[in-house]
Structures are given as structure tokens and as C-alpha cells.
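So the chains spell out like this:
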Amino acid sequence: MKSDNKSNHRYVFVCGLHRSGTTVLGRNIGRLENCTGFKNMPNALPGEGQFLQNVYLPGRKLGGPGRIGFHSRAHQTETSSLLTPENIARLRASWHAHWDNSKRICVEKTPTNLLMTRFLQAAFPDCHFIVIRRHPVAVSLGTQRMQNARPTSLHRLFEHWLLCHQIFEEDKKYLKHVYELSYEDYIKNPGRYHEEIAAFIGTRVPEEGLKEVNADRSNKYFDRWSNLLTDSPRKLYYRYIAKKYEPRFAAYGYSLIDFSPDQKELGGEDKISAVMGNLCCFASDAYALMWRLGTWPPLFFKQQLKAFLPAFVVTRISKARQGRSLGKERANMVSP
């Protein structure tokens, strides 16, 4: 269900996985001339549209950072049953309530946008997408450190990175306006990309310039990855997944082995059998699962189960529970 864009606004969606640089990029795009990001956000909420609406599930109900792409409801397209005229109107209204409507270009940033580009294009025709991609080591190790991320093994995070970008590559064929960049290129020359993005969305960079970008933020992740490969008690696991995923990440221009001039040459990874490597991955998954069970409250698991179940099953369960509740109330009323 498509919606006619009757307003004079242009909608820009910033897309990228958690820890991909979407926050700094989205803020700087919102500072371009005649652009607006979200204003007056509720306390403790990041500037993301997912928290201001109730049309689609936010990422925290889809598994959270590093796990969203595995959820069956995360990938939304123009065929989504959520794209009703009423829902589209509600979505627009919820976001416009926090945009400066005197500005023509409205900017929204949410990590799940990477999996919802076709959905958003159907709801906001002629919208523009700016997609940023970052090295999987930085994204994955950074995601593991996030406070709201569920404990997840590193190879699962690598799989998640690949899956989400693969989905986007397929969806990109259906999009009208897409601008792509890498985080690594952006931090080297942010001024160049601000100029190109401004031209792409139809505006200009303000004379006073934009927020500085920290060019050293990835170094800590690469230092940690190097230590995991060479000095960790579990280095066989890390070397195994480095070798296993190297060809797949190479297709995106990234390497898990050759990522630093100071990186030590690995040795012994060829001796790791597939059986031993898979056992290491299984052990890592088991450890992450036990960590999740020990650190996440029962209510979270209830929410996750509800999000995974089909809508009609959730409705039936809810009606059954309501029926039992009414039955107990009636029994209490007639009992002496």
C-alpha cells in the first residue's frame, strides 16, 4: 500500500548497523541547511524514530543490537501488512511532532532502517537513503560492549553483519535514491562526504561547518581483535572464525586478518579442523546463552517470544488468558 506524498517535505533515512557511525552521520546531516533531525526527544531515548512510533516493532523487541537481522519480522518491504493508510498517517504524525516543520528536509536515523528501506519508500515516496557501512570487527566488538545488547558470540555477530548487508543489497534494486559510503572513508574526509550528501538530498553545508568526527574510534577495536587472535586463551576459536569469514567479508572490501600495518602474521590456523572449529563455535554459543539466561529478566524473554510468534497466535493466547481471568472473577463472585 503506497502513500501519496502530498507535503513539500523531503524525507532522508540514515541506515546502518549499530556501531556503524549512524549517530554522528545522522546528526551532521540534520545540521545541513534546511534540514531537521528530531527535537525534544523523551528523556533517555536516542534520536531514533523507532522510539517515537507504534506502527512497527522497535529493534529491542526484535532481538536487540547484533540480533535484529535474524528476526522474521525485521525485514519489511512494500508488501507489509502494516502499510495501511491509517498506519502511514500515524507514522508521519508521530515523527513530524518531533521535527522542525519549518525545515523542508526531515532526517530520521534508526539502525533497523537497513532492513526496512522498501517499507519506508512505500510510506514516504521519493525518500532518500544514506547507507553507511563499517568494518565488521569494529561493529561486532562494539556491539558486544553495548549495554542494551544481548550477549552474543562473535561469529554470530559476523553472520548478522553479513546477513543484514546481504538483505540490503537485494533491496537496493528496488530503491530510487541511495547514497552509500563507508565509515572508514567518512572519518578520513568528512567534509567531502558532507558536500556530496548535501548535493544528493538537495541542500548545502552551512558556512560554520559541522561536528568534528573522531578518526581514532576504531583503533581500540582493532587492538582488541589483534590481541584475541594472538594472545587470547581462545585464540583457536578467533583464528578459526577469522579464516572462515575472511572470503565473505573480502567481497565488501574488509579483511579480518590484514587490517593493520602492525598486525602480526597468524600461524597455525590451517591446523584447526572443521570439527574443532565448530566445537569452538558451539562452546561460544553455549557460553553466550548461559550469560543471557543469567542477566536478562523473565519479562524480556516473554517479550521476545511474543515478538517471534505470529500475530494470530498472540491474539488467541491473549483471548484465552482473558477468558481464564473472567472465569476466575465469576467464580469468586459466586463463592460464599
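Details of the structure are given in the entry above.
Residues numbered from 1 in each chain as written. Predicted model: local features only at pLDDT ≥ 70, side-chain atom pairs only at ≥ 80, totals over all residues. Heavy atoms only, no water.

1. Considerations on the overall build of the protein
Here's step 1: Along its length, the protein carries 12 helices and 5 strands.
Here's step 2: Among the 336 residues that make up the protein, the fraction classed as buried is 50%.
Here's step 3: Residue pairs in contact within the protein that sit at least 24 positions apart in sequence constitute 80% of those at least 6 positions apart.
Here's step 4: Taken as a whole, the protein presents about 17800 Å² of accessible surface, with 52% of it coming from carbon and sulfur. (Helix = DSSP H or I, 4+ residues; strand = E, 2+ residues; numbered from the N terminus. Buried < 20%, exposed > 50% of the residue type's maximum accessible area, 1.4 Å probe, protein only. Contact = heavy atoms within 4.5 Å. Areas by Shrake-Rupley, 256 points an atom, 1.4 Å probe, with all protein chains shown as cover.)

2. Some remarks on the side chain of serine 255
Here's step 1: Checked against the element boundaries, serine 255 lands in the loop between helix H9 (235–250) and helix H10 (274–295).
Here's step 2: Overall, the relative accessible area of 13% leaves serine 255 in the buried class.
Here's step 3: Here the side chain of serine 255 touches aspartate 258 through a polar contact of 2.8 Å, landing on its backbone nitrogen.
Here's step 4: Once residues lying within four places of it in the same chain are set aside, the contact partners of serine 255 are His135 and Glu246. (Polar contact = N/O pair within 3.5 Å; in protein donor to acceptor, adjacent residues only side chain to side chain.)

3. Regarding the environment of asparagine 28
Here's step 1: With respect to the element layout, asparagine 28 can be found in helix H1 (residues 22–30).
Here's step 2: Among the residues examined, asparagine 28 registers a relative accessible area of 0% and is labelled buried.
Here's step 3: For the pair asparagine 28 and valine 205, spaced 177 residues apart in sequence, the C-alpha to C-alpha distance is 9.5 Å.
Here's step 4: Within the local environment of asparagine 28, its side chain forms a polar contact with the side chain of tyrosine 186, the two groups lying 3.1 Å apart.

4. Notes on the nonpolar core
Across soluble globular proteins, you tend to see nonpolar side chains buried next to one another.
Here's step 1: Of all hydrophobic cores here, the largest spans 61 residues; its most connected members are Trp95, Leu154, Trp225 and Ile241.
Here's step 2: Per element, the largest residue contribution to this core is 8 residues, and it comes from helix H5 (residues 154–171).
Here's step 3: Not counting the four nearest positions on each side in its chain, tryptophan 95 is found in contact with Phe13, Phe38, Gly49, Leu52, Gln53, Tyr56, Glu108, Leu120 and Phe124.
Here's step 4: Counting residues in hydrophobic clusters, the runner-up holds 23 residues, among them Ile105, Val107, Ile130 and Ile201. (Core = buried A, V, L, I, M, F, W, Y, C linked by side-chain atoms within 4.5 Å.)

5. A closer look at the sheet that holds strand S1 (residues 10–15)
Here's step 1: Pairing within the open sheet is parallel, and its 5 strands lie in the order S2-S3-S1-S4-S5. Only two strands of the sheet have a single neighbouring strand rather than two, namely strand S2 (35–36) and strand S5 (178–182).
Here's step 2: Note that S1 and strand S3 (residues 105–109) share 5 bridges and pair parallel. If you follow phenylalanine 13 over to S3, its bridge partner there is glutamate 108. (Pairing = 2+ DSSP bridges.)

6. Re a nonpolar patch on the surface
Here's step 1: On the surface, a nonpolar cluster with roughly 290 Å² of combined accessible area is contributed by Val275, Met276 and Leu279.
Here's step 2: With respect to the secondary-structure elements, valine 275 resides in helix H10.
Here's step 3: Residue valine 275 is classed as exposed on the basis of its relative accessible area of 59%. (Patch = residues over 30% accessible without salt bridge, like charges linked within 9 Å, V, L, I, M, F, W, Y side chains within 5 Å. Salt bridge = Lys/Arg side-chain N within 4 Å of Asp/Glu carboxyl O.)

7. Thoughts on the pairing of S1
Here's step 1: Buried residues dominate S1, accounting for 5 of its 6 residues.
Here's step 2: Where S1 meets strand S4 (residues 128–133), 4 bridges bridge the pair, whose relative direction is parallel. Note on S4: the bridge partner recorded for valine 14 is isoleucine 130.

8. What to know about the packing of helix H4 (residues 136–144) against H5
Here's step 1: Where H4 contacts H5, the axes come no closer than 9 Å and their chain directions differ by 125°. The angle between the axes of H4 and H5 places the two elements in the oblique class. Read as a crossing pair, H4 and H5 show a hand that is right-handed. Facing H4, whose interface residues are Pro136, Val139, Ser140, Leu141, Thr143 and Gln144, H5 presents Leu154, Leu157, Phe158 and Trp161.
Here's step 2: Looking at the contact of H4 with H5 residue by residue, the class counts come to 7 nonpolar, 3 polar and no charged. (Axes fitted to C-alpha atoms, helices over the stretch in contact; angles between N-to-C directions. Parallel < 35°, antiparallel > 145°, perpendicular 65-115°, else oblique. Left-handed = near helix turned anticlockwise from the far one by under 90°. Nonpolar A, V, L, I, M, F, W, Y, C, P; charged D, E, K, R; others polar.)

9. Regarding the pairing of S3
Here's step 1: Buried residues dominate S3, accounting for 5 of its 5 residues.
Here's step 2: Residues Ile105, Val107 and Lys109 of S3 are buried on one face, and the alternating residues Cys106 and Glu108, pointing to the opposite face, are buried as well.

10. Some details on the packing of aromatic side chains
Here's step 1: All chains considered together, the criterion is met by 20 aromatic pairs.
Here's step 2: With a centroid separation of 5.2 Å and an interplanar angle of 10°, the aromatic rings of phenylalanine 38 and tryptophan 99 are classed as stacked. Taken as a pair, phenylalanine 38 in the loop between S2 and helix H2 (85–96) and tryptophan 99 in the loop between H2 and S3 lie far apart in primary sequence, 61 residues in all. There is no split in this pair, since phenylalanine 38 and tryptophan 99 are both buried.
Here's step 3: Where tyrosine 179 meets phenylalanine 200, the ring centres are 5.7 Å apart and the plane angle is 40°; that geometry is what we call tilted. In this pair, tyrosine 179 sits in strand S5 while phenylalanine 200 sits in helix H7 (residues 190–201), placing the two residues 21 residues apart along the sequence.
Here's step 4: Three or more aromatic residues link up through ring pairs in this structure, and these residues are Phe158, Trp161, Trp225, Tyr237, Tyr238, Tyr245, Phe249, Tyr252 and Tyr254. (Phe/Tyr/Trp six-rings, centres within 6.5 Å; stacked < 30°, edge-to-face > 60°.)

11. Structural notes on the pattern of salt bridges
Here's step 1: One pass over the full model with this rule turns up 9 salt bridges.
Here's step 2: In this structure, glutamate 159 and arginine 248 form a salt bridge, with 3.4 Å as the shortest nitrogen-oxygen distance. Of the two residues, glutamate 159 is situated in helix H5 and arginine 248 in helix H9; the sequence distance between them amounts to 89 residues.
Here's step 3: Of the charged contacts in the structure, one is a salt bridge between lysine 173 and glutamate 170, with a shortest N-O distance of 3.1 Å.
Here's step 4: One salt-bridge network, in which partners are shared between bridges, spans Glu78, Arg118 and Asp171.

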